[in-house]
Amino acid sequence: YVGYSLSQLEGAEPSEEGCIRSIVAAWRYCTEQLMIAPQDIVIFGRSIGSGPSVDLASREVEGSAHSPLDVAGVLLQSPIESGARVAFGETVSWIGYSLDIFRNYEKIGKIRAPCAIMHGTADKVVPLCNGQNLHALLQRPFEPLWIDGYGHNDMPQDRCFGYAKGFLDTLNGR
């Protein structure tokens, strides 16, 4: 996403709008240039990256012949309910509503595809309740993976990959 990590654009600051533009550009590239059918796409988002992922999976993309509502699935790791809820909790997110970013709690219920969520129970960056609360709002929830004793940046790769594989296998009817 523009402004985050290695993705730099001169003069661009990290923003919700910039992240949304980035994921829409990726969507258009995959569906229009690479000609990948939405039914063959699983949208992944981790932490703050769950914001653009949930936004994309929850709506149509203006001017696109392909709808993200038709993706095979959505996989989220340590997702945020919203920027304010991660940092300050639910009450502050209502008080500062207009300043809150990535309000996944408003969008995740619009996702029509199966959705899987994994989260560490000892996550101090994005508390587990974020993943649990989002999971409760899903239309088509996949059994969640709450990994006991793990935090935000130490989730065991083998368990995460195994969970992702199990989710993908169910999407493929295996």
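In this text the structure is predicted, and so the values were computed from the model without any measurement. (Residues numbered from 1 in each chain as written. Predicted model: local features only at pLDDT ≥ 70, side-chain atom pairs only at ≥ 80, totals over all residues. Heavy atoms only, no water.)

Draft legend 1. Up close: the overall build of the protein. Scanning the protein from terminus to terminus reveals seven helices and four strands. Going residue by residue from the N terminus, the α and β elements of the protein occur as α-β-α-β-α-α-α-β-α-β-α. Counting all 174 residues of the protein, 46% fall into the buried class. Restricting the contact set of the protein to residue pairs at least 6 apart, pairs at least 24 apart contribute 68%. Approximately 9100 Å² of the protein is accessible, and the part contributed by carbon and sulfur atoms is 55%. (Helix = DSSP H or I, 4+ residues; strand = E, 2+ residues; numbered from the N terminus. Buried < 20%, exposed > 50% of the residue type's maximum accessible area, 1.4 Å probe, protein only. Contact = heavy atoms within 4.5 Å. Areas by Shrake-Rupley, 256 points an atom, 1.4 Å probe, with all protein chains shown as cover.)

Draft legend 2. Just the environment of A37, in detail. Among the secondary structure elements, A37 is positioned in the loop between α1 (16-33) and β1 (42-46). Once the C-alpha coordinates of A37 and A72 are considered, the two residues, 35 residues apart in sequence, prove to be 9.5 Å apart.

Draft legend 3. Structural detail: the sheet that holds β1. Taken together, the four strands give an open sheet; going across it, the order is β1-β2-β3-β4, and neighbouring strands pair in parallel fashion. The sheet is open, and its two edges are formed by β1 and β4 (145-147), each paired on a single side. The sheet shows a mean angle of 10° between the axes of neighbouring strands, direction not considered. Bridge analysis of β1 against strand β2 (residues 73-77) gives five bridges, and the strand direction is parallel. Residue pairing in the sheet places G45 in a bridge with L76 of β2. Packing against the sheet, helix α7 (residues 157-171) makes contact with β1, β2, β3 (115-120) and β4, and its axis sits at approximately 165° to β2. (Pairing = 2+ DSSP bridges. Axes fitted to C-alpha atoms, helices over the stretch in contact; angles between N-to-C directions.)

Draft legend 4. Structural view of the packing of aromatic side chains. Taken as a whole, this structure holds two aromatic pairs when the rule is applied. Over the aromatic face of Y105 sits the side chain of R85, whose NZ or CZ is 3.6 Å from the ring centroid. (Phe/Tyr/Trp six-rings, centres within 6.5 Å; stacked < 30°, edge-to-face > 60°. Lys NZ or Arg CZ within 6 Å of the ring centre and 35° of its normal.)

Draft legend 5. Structural context of the side chain of S47. Looking at the element boundaries, S47 is found in the loop between β1 and α2 (50-57). Exposure remark for S47: the relative accessible area of 11% places this residue in the buried category. Excluding its chain neighbours within four sequence positions, the residues that come into contact with S47 are Q77, S78, P79, I80, V126 and H152.

Draft legend 6. Spatial organisation of the packing of α1 against α2. Where α1 meets α2, the axes come as close as 9 Å, and the angle between the chain directions of the two elements is 55°. Taken together, the axis directions place α1 and α2 in an arrangement best described as oblique. In the crossing of α1 with α2, the sense of the turn from one axis to the other is right-handed. Residues C19, I20, I23 and W27 of α1 form the contact with α2, whose own contacting residues are P52, S53, D55 and L56. (Parallel < 35°, antiparallel > 145°, perpendicular 65-115°, else oblique. Left-handed = near helix turned anticlockwise from the far one by under 90°.)

Draft legend 7. Region of the structure containing the pattern of salt bridges. All told, the structure shown has eight salt bridges when counted by the stated rule. A salt bridge links R28 to E32, with the shortest nitrogen-to-oxygen separation between them at 3.3 Å. In this pair, R28 and E32 are both assigned in helix α1, four residues apart and thus about one turn of the helix distant. A residue is classified by how much of its surface remains accessible, and E32, at 32% relative accessible area, is partly exposed. Between K107 and D55 there is a salt bridge; the shortest N-O distance is 2.9 Å. Of the two residues, K107 is situated in helix α5 (residues 104-107) and D55 in helix α2; the sequence distance between them amounts to 52 residues. The class for K107 is buried, based on a relative accessible area of 16%. D55 sits in the buried class, given a relative accessible area of 7%. (Salt bridge = Lys/Arg side-chain N within 4 Å of Asp/Glu carboxyl O.)

So far we have only geometry, and geometry alone does not tell us how the molecule works.
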